[in-house]
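Chain by chain, the residues:
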Amino acid sequence: MKIKFCGASSGVTGSCHLITSGEHQILLDCGQFQGGKAQEALNYEDFPFNPAEIECVVLSHAHIDHCGRIPLLVKRGFRGKIYCTDATADLLDIMLKDSGYIHEKEAEWQNRKGERAGKEAVEPLYTFQDAVDSLAYVEPVRYDQLFKINDVMKVVFNDAGHILGSAIVELWVTEDEKESKIVFSGDIGVNERPILNDPTYIKKADYVIMESTYGSRLHPDNDRSIQDLVDIVINTIKRGGNVIIPSFAVGRTQELIYEFNKLYNEKSPYYEDLRNVKVYIDSPMATNATEIFQKNAQVFDEDTKEYILSGDNPLDFINLEFTRSSDESRSLNMDTSPKIIISASGMCEAGRIRHHLKHNLWDKKNSIVFVGYQAEGTLGRAIIDGEKTVTLFGEDISVNAEIHVLEGFSGHADQNGLFTWIAHFKNPPKQLFLVHGEEESKEALAKLIHEKLGYMPVVIRGNSEYELDMETAEILNYREAKEEGVWYEDVQNVRNKLSTIHTNLEKILYNANLAMGGQNITEEQLINIKNIMQELDKATLNLGEAVTEHYNEFTPIEHEGETSKYHH
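A quick note: this is a predicted structure, and the numbers were derived from the prediction, not measured.

**A short note on the pattern of salt bridges**
Here comes step 1: Summed over all chains, the structure comprises 25 salt bridges.
Here comes step 2: The partner of Asp 282 in a salt bridge is Arg 352, with the nearest N and O atoms 2.7 Å apart. Highlighted residues: Asp 282 in strand β13 (residues 279-282) and Arg 352 in the loop between β15 (340-343) and α12 (353-360), separated in sequence by 70 residues.
Here comes step 3: What makes Asp 282 buried here is its relative accessible area of 0%.
Here comes step 4: For Arg 381, the salt bridge is made with Asp 385, and the minimal N-O distance between the two is 3.5 Å.
Here comes step 5: Under the relative-accessibility criterion, Asp 385 is labelled exposed at 56%.

Shown next, in the form of structure tokens:
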């Protein structure tokens, strides 16, 4: 069995992992790269596999960085099934159509601009119709339902608690009459958040592919962020300004509606301050997504279900308005009354939010509130990093508004949440691969996991490929991966050898017991065996730490073939 990391390997976006077993090839996710021009350009490159040979896509959830290249995959020859949860299937219908529409409009804009400069016309990555065509291959599956995808692979979706329908994937693969289990975390949600269930803890796996978006950071308490949001809104409204919230259309927007619902309740201590302030959801996709949330209440957490049964709609309140048309959206920027505008996209790379930023960033009365992750190279990242001037629709806009970042609203688990999730495995996986994170985040999470659990995670950098069996994970494309910065494979080789010694010792002890004619081992003998195991584990950890600590002091030497040696 092989695994090739084809996206979210050197950053947060473009999630895509190829699993190969014999003649079978499947994808875990097929996401779009998002960020600056360099990231966007990756979407136009050839896939590092033949789309026509892919049997199916097992999709973790409907965010564009996990599903956004599915129409392109179909356009280039894929004809297999797309397995996802039923709620994800509902969201895919609006996400992919909207993405296709955006690609078409961006291509039209570039071509109008390019024609005046004498440039050749560009093609959209894919069109609205390409998105529609790809939806024909979607196969919805419920949570906790075991299903076969071919004669050697079977899958279960577990609730990831990230967005509606998000899943942690359990994949069983049988080779040579041996079964291995791969767990793909997708994006792990946050415990005790409204609307959604907590992420599922998995107990066993041979291999784990794990996200690390916030692997180096801790979120503030959600209650603290809610109070901060209330304070920002009231202070901004009192000085006559607008509160602009760039928000992901799926997940974050619905959580914000849920929280504002409570704030606008007549029993709320803030009701009098807010009763005349309108909250606008200015995103057709967010509007449609909210309707899908309301249709899928069966997957809500128990508190939200009780809320609904009490007669209240947690995704609606008296001052909430959804704007659908472009004219309605434009009119918001002509209205001088203080208001709250929640609009997509969450990273400010496309959509109506860019118009609202153009009209509000320059005015110091206003507040811009970021409630989600801002990838490197995005407009949102530039603003929170302190840029004084940004360009919107060809015009330089001064950043004079108050800028706030409320990480307590993030739908991604922070470092503590990620560690808690991996710590719930009863036995160490044969290998843990860290993906979907910037370099600092992956390194910090790997260090924490190593120190606390003794694992030696592989920090994925670039499109590296590994051969998997029941004992090891051997990198196949060393030269290519090394150019991308991969070095962990050498540490992993040490760990694999020690793991093999550990396994062999267990076999020796077990056979010694059998040689005793089936006699029961005494308590004293059990204590001795336990001590031997602990000493071996300690030696394993110490050696792993030594290699990790000093790898920077070693110089790689190239040899023929795909091997390398190191000297001091």
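**Looking at the environment of Asn 463**
Here comes step 1: Locating Asn 463 in the fold gives a position in the loop between β21 (458-459) and β22 (465-468).
Here comes step 2: A sequence separation of 447 residues divides Asn 463 from Cys 16, and the C-alpha atoms of the two residues are 10.0 Å apart.
Here comes step 3: A distance of 3.4 Å separates a polar atom in the side chain of Asn 463 from a polar atom in the side chain of Ser 9.

**Remarks on the environment of Ser 345**
Here comes step 1: Structurally, the position occupied by Ser 345 is in the loop between β15 and α12.
Here comes step 2: Expressed as a C-alpha distance, the spacing of Ser 345 and Ser 247, which sit 98 residues apart in the sequence, is 6.1 Å.
Here comes step 3: Not counting residues within four places of it along the chain, the set of residues in contact with Ser 345 comprises Pro 246, Ser 247, Ala 350 and Ile 353.
Here comes step 4: At a separation of 3.0 Å, a polar atom in the side chain of Ser 345 contacts the main-chain amide nitrogen of Glu 349.

**Overview of the pairing of strand β12 (residues 243-246)**
Here comes step 1: Because side chains alternate across β12, one face comprises the buried residues Val 243 and Ile 245, and the other comprises Ile 244 and Pro 246, equally buried.
Here comes step 2: Two elements, β12 and strand β16 (residues 367-370), share 2 bridges in a ladder whose sense is parallel. Its bridge partner lying in β16, Val 243 is registered against Ser 367.

**So, the confidence of the model for the protein chain**
Low-pLDDT portions of the prediction should not be read for the details of their coordinates.
Here comes step 1: Across the protein chain, the average pLDDT comes to 84, with 82% of residues at 70 or higher.
Here comes step 2: Note on residues 484-500: pLDDT under 50 across the span, and 42 contacts to partners over four residues away in sequence or across chains.
Here comes step 3: Residue range residues 543-568 is modelled with pLDDT below 50. Its contacts to residues more than four positions away, or to other chains, number 37 contacts.

Criteria and thresholds
- Residues numbered from 1 in each chain as written.
- Predicted model: local features only at pLDDT ≥ 70, side-chain atom pairs only at ≥ 80, totals over all residues.
- Heavy atoms only, no water.
- Salt bridge = Lys/Arg side-chain N within 4 Å of Asp/Glu carboxyl O.
- Helix = DSSP H or I, 4+ residues; strand = E, 2+ residues; numbered from the N terminus.
- Buried < 20%, exposed > 50% of the residue type's maximum accessible area, 1.4 Å probe, protein only.
- Polar contact = N/O pair within 3.5 Å; in protein donor to acceptor, adjacent residues only side chain to side chain.
- Contact = heavy atoms within 4.5 Å.
- Pairing = 2+ DSSP bridges.
- pLDDT = per-residue confidence, 0-100.

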